[in-house]
Amino acid sequence: MAARYRKLKEIPVEQRLVVRRSHIHGWGLFTLMPFAPNDMIVEYMGEKIRRCVADQREKKYEEMGLGSCYLFALDASTIIDATRAGGPARFINHCCGPNADAKVVAVDGVPKLVIVARRALAVGEEVTYDYKFEYENDKIACHCGAAKCRGSMN
Ligand SMILES: [Zn+2]
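No experiment lies behind these values; they were computed from the predicted model shown.

Caption draft 1: The arrangement of the overall build of the chain in detail. Per the secondary structure count, the chain includes 3 helices and 10 strands. Rg of the C-alpha trace for the chain: 15 Å, near the compact-globule value of 15 Å for 154 residues, within the 12% margin. For the chain, the spread of C-alpha atoms along the three principal axes comes to 40 × 40 × 20 Å. Within the chain, the proportion of its 154 residues that are buried is 40%. With the model as given, the accessible surface of the chain reaches about 8,800 Å², and the carbon-plus-sulfur share is 53%. When the 23 positive and 19 negative side-chain charges of the chain are each reduced to one mean point, those points stand 3 Å apart.

Caption draft 2: Main features of the coordination of the zinc ion. Within the first shell, the zinc ion binds the protein through C96 (SG), C142 (SG), C144 (SG) and C149 (SG), at distances of 2.3 to 2.4 Å. Coordination of the zinc ion draws on donor residues from a single chain, spaced C-x45-C-x1-C-x4-C in sequence. For C142, a relative accessible area of 9% translates into the label buried. Taking relative accessible area as the criterion, C144 reaches 6% and is therefore assigned buried.

What counts, and at which threshold
- Residues numbered from 1 in each chain as written.
- Predicted model: local features only at pLDDT ≥ 70, side-chain atom pairs only at ≥ 80, totals over all residues.
- Heavy atoms only, no water.
- Helix = DSSP H or I, 4+ residues; strand = E, 2+ residues; numbered from the N terminus.
- Rg over C-alpha atoms; globule rule 2.2 N^0.38 Å.
- Buried < 20%, exposed > 50% of the residue type's maximum accessible area, 1.4 Å probe, protein only.
- Areas by Shrake-Rupley, 256 points an atom, 1.4 Å probe, with all protein chains shown as cover.
- Lys, Arg positive; Asp, Glu negative; His and termini not counted.
- Charge placed at Lys NZ, Arg CZ, Asp CG, Glu CD.
- Donors = N, O, S within 2.8 Å, 3.2 Å for Na, K, Ca; no water.

As structure tokens, then:
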């Protein structure tokens with residue numbers, strides 16, 4: 001994992017990925033180079049905060065209408081908040097049949113949130129992962145276009 005993480009950091013992110021208009025939703029993240037299965041595509045940057053702080057922010061964000069889609073659990077006590085400082089990974093759209101996964105990996109004992117290729121990705125593909133939102137009665141429509149689209153993100 002540490003070796004793959006170093007490989008990820010060798011090529012500057014602006015040479016690996018680009019933010020463009022997406023047919024799924026708003027802006028999306030697209031590849032500028034091919035990726036092999038299990039390659040790390042990008043690190044999901046953000047502010048590391050404790051779970052109790054994240055719970056307070058989640059309430060605040062919901063009141064502001066921002067939602068909580070940029071809060072990720074790194075481990076039992078640490079949350080990454082990418083709402084304000086997420087780097088290009090925050091532009092990755094949800095897809096019900098995604099080509100990548102968000103995974104927490106330990107690099108030299110430090111947990112990192114990285115987006116890992118589920119299959120080989122060609123140049124120009126939009127990177128997607130399954131947001132795995134919890135089930136709610138208030139549905140958020142999904143326009144991912146996947147053959148197995150569930151129709152909603154939650
Ligand atoms: Zn979908």
